[in-house]
Amino acid sequence: MEEFIAYPELADVKWGTASAAYQIEGAVGADSRSPSIWDTFAARPGATFRGDTGKRACRAYRRPDRSLDALSGLGAQVYRFSVSWSRILPSPGAAPNRVALGYYRRLVEQLLARGIEPIITLYHWDLPQWLQDRGGWTGAAAVEGFAHFSAVIAEALGDAVKRWVTVNEPYCAAFHGHLSGVHAPGHRDEGEALRAALMLINGHAASAAEIRRVRRDAKVGIVLNLSDLEAASDNPEDARAARHADLVENRLFLDLVLRGRLPDDAAGYFGDRLTFVSDGLDISALRVPLDFIGLNYYEHNVVEAAPDGLDPVLRGARKLPVTGPSSANGVAIYPPGLSRTLLRLAEMEPELPIWVTENGIGLADYIGPDGDCRDYERVNYLRDHIAALARARSMGARLEGYLHWSLMDSFEWASGYQLRYGLFYTDYATGELKPKASAAWYAAYIRGQRRLSGPRKGSWREKGADHG
Ligand code: FCB
């Protein structure tokens with residue numbers, strides 16, 4: 001492995017990784033934490049692979065030092081993580097839990113001491129169960145509760161944390177949580193999914209307002225997962241199917257967040273279900289100023305018309321099975337889709353800074369007999385997606401940061417522990433982390449970029465190293 005990887009040159013981009021509370025923390029009953037909808041859902045027979053839950057996960061709540069050392073090993077400049085809502089506010093009306101707040105306070109301080117910028121995600125899918133019992137994201141209680149939770153965290157950590165993500169992937173939380181039912185709370189109702197979509201964006205707007213009320217200088221954004229879609233053929237049915245898939249997965253959220261309106265074809269496609277849920281809601285108020293937009297890029301799909309209408313989310317559209325290179329769970333590996341999606345955002349909002357807040361690949365990684373995990377497919381994935389960033393940047397995308405999913409293998413929602421996404425291999429028996437080949441590659445790339453961006457405190461130049 002080279003010591004420094006200098007190309008493609010993206011020296012002013014910030015490099016890091018992302019994770020989420022329920023996926024890594026474990027200790028689900030510690031310090032008065034109450035269950036979230038993911039504790040409840042994962043306990044339901046058949047809901048997750050092998051019945052896996054986040055009960056222990058990577059044990060990051062007990063051993064944050066392991067994540068911190070892994071980040072230092074990478075030379076990461078940024079770490080995105082989420083705060084567990086039901087640790088901080090375990091019951092209705094509860095005072096914020098001081099012990100749990102202390103955990104996140106220490107995490108933030110230790111990151112800063114290592115020169116790593118913390119980015120906090122406030123909602124990464126773990127709604128407190130007590131709020132689900134009051135209607136969850138289909139009612140107003142979650143929105144009000146989220147505004148309050150956002151204020152509590154901004155007050156506790158806003159002096160040290162500058163950059164905030166309100167909501168992670170509202171598409172998945174709304175449609176997988178309430179229509180396909182593969183995510184918590186596991187419901188199957190299109191009207192509910194639409195209501196949840198609007199309420200999640202409503203929650204985002206309320207959260208952004210609270211963060212800014214508490215910390216005027218905060219930088220606030222939302223994270224959308226956008227998929228790169230292509231019609232299977234030129235025939236009008238396939239083109240219409242691809243347009244509908246794009247409406248549900250991308251445009252609904254882009255238009256609400258960036259334009260404060262519903263896409264023109266939304267009423268025709270969703271019919272009464274949408275009118276019903278949007279009545280009485282001021283949609284234009286859902287658009288709030290953003291300091292950045294976060295893009296989670298995983299998916300490229302070819303879409304064809306499917307008159308059988310078997311897909312609950314896409315109805316008359318269907319995604320074709322992937323024929324080219326793919327991840328262990330059949331997701332296409334398609335770096336041009338990342339360039340295209342970045343350019344799509346840049347075209348909609350040329351001045352808005354973009355962060356790739358997640359991008360990564362699920363593999364069946366293993367430790368070989370010599371003790372190493374040689375995840376060369378992830379090395380290639382990372383290299384090719386970084387090249388895609390460079391392409392989009394050279395064509396005008398205002399990219400500020402790239403966060404790989406994930407720092408370590410973790411609880412992957414319905415896939416449990418079957419899929420591994422980490423740069424670090426998690427030994428689930430002990431919680432120990434071991435760098436994979438991809439971690440070494442990424443560290444060399446980050447070193448190369450930091451070297452190009454000039455002398456910094458503690459950098460190779462200051463130490464007088466000469467690596468020619
Ligand atoms: C995204 C989620 C993240 C992780 C990756 C693989 O949809 O935001 O938590 O599970 O997928």
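A brief look at the structure comes next. A quick note: this is a predicted structure, and the numbers were derived from the prediction, not measured.

The rules behind each value
Residues numbered from 1 in each chain as written. Predicted model: local features only at pLDDT ≥ 70, side-chain atom pairs only at ≥ 80, totals over all residues. Heavy atoms only, no water. Helix = DSSP H or I, 4+ residues; strand = E, 2+ residues; numbered from the N terminus. Expected span 1.5 Å × (residues − 1). Buried < 20%, exposed > 50% of the residue type's maximum accessible area, 1.4 Å probe, protein only. Contact = heavy atoms within 4.5 Å. Phe/Tyr/Trp six-rings, centres within 6.5 Å; stacked < 30°, edge-to-face > 60°. Lys NZ or Arg CZ within 6 Å of the ring centre and 35° of its normal. Bend = angle between axes of the 7 residues up to and from the residue. Near = heavy atom within 4 Å. Polar contact = N/O pair within 3.5 Å; in protein donor to acceptor, adjacent residues only side chain to side chain. Areas by Shrake-Rupley, 256 points an atom, 1.4 Å probe, with all protein chains shown as cover. Pairing = 2+ DSSP bridges. Axes fitted to C-alpha atoms, helices over the stretch in contact; angles between N-to-C directions.

Side note on helix α15 (residues 437-452)
So, step 1. If you check α15, its first and last C-alpha atoms are 23 Å apart, about what 16 residues at 1.5 Å a residue would give, namely 22 Å.
So, step 2. For α15, the tally of buried residues reaches 12 of 16 residues, placing the bulk of the element in the interior.
So, step 3. Structurally, α15 contributes buried residues whose contacts are with β1 (14-18), α3 (64-74), α14 (376-394), β11 (399-405), β12 (424-427) and β13 (432-435).

Quick notes on the packing of aromatic side chains
So, step 1. Within this structure, the stated rule accounts for 31 aromatic pairs.
So, step 2. The interplanar angle of 85° and the centroid separation of 6.2 Å between the aromatic rings of tyrosine 171 and phenylalanine 253 together place this pair among those described as edge-to-face. Within this pair, whereas tyrosine 171 is found in helix α8 (residues 170-178), its partner phenylalanine 253 is found in helix α10 (residues 236-259), the two being separated by 82 residues in sequence. A single burial state applies to tyrosine 171 and to phenylalanine 253, both of which are buried.
So, step 3. Grouped by ring-pair contacts, the aromatic residues Tyr22, Trp38, Phe41, Trp125, Phe411, Trp413, Tyr417 and Tyr428 constitute a single cluster.
So, step 4. The positively charged end of arginine 163 is found above the aromatic ring belonging to phenylalanine 292, 5.0 Å away from the centroid.

Side note on α10
So, step 1. A rise of 1.5 Å per residue sets the reference length of α10, with its 24 residues, at 34 Å; its end C-alpha atoms lie only 28 Å apart and thus fall more than 12% short of the reference.
So, step 2. A maximum bend of about 50° is found in α10 at leucine 247.
So, step 3. Among the 24 residues of α10, 17 are classified as buried, and the element is accordingly described as predominantly covered.
So, step 4. The positive-phi residue at the C-terminal boundary of α10 is glycine 260, with phi of around 65°.

Section: the environment of leucine 179
So, step 1. If you trace the backbone, leucine 179 turns up in the loop between α8 and α9 (190-214).
So, step 2. As for leucine 179 and valine 13, which are separated by 166 residues in sequence, their C-alpha atoms are 37 Å apart.
So, step 3. If we skip the residues at most four places from it in the chain, leucine 179 touches Ala174, His187, Arg188, Asp189, Glu190, Ala193, Pro312 and Val313.

Comments concerning the site of the ligand
So, step 1. Gln23, His124, Trp125, Asn168, Glu169, Asn296, Tyr298, Glu358, Trp405, Glu412, Trp413 and Tyr421 make up every residue found near the ligand.
So, step 2. Glutamine 23 has a polar side-chain atom sitting 2.7 Å from an oxygen atom of the ligand.
So, step 3. Between the ligand and the protein, one listed contact pairs an oxygen atom with a side-chain N or O atom of histidine 124 at 2.8 Å.
So, step 4. For the ligand, whose accessible area on its own is 290 Å², the fraction buried by protein is 91%.

Focus on the sheet that holds strand β8 (residues 300-305)
So, step 1. The strand order β6-β8-β9 describes an open sheet built from 3 strands, whose pairing is mixed. Among the strands making up the open sheet, the edge pair consists of β6 (228-231) and β9 (317-319). The mean angle between the axes of side-by-side strands here comes to 35°, regardless of whether they run parallel or antiparallel.
So, step 2. With 4 bridges joining them, β6 and β8 adopt parallel strand pairing. Bridge pairing links aspartate 228 to histidine 300 in β8.

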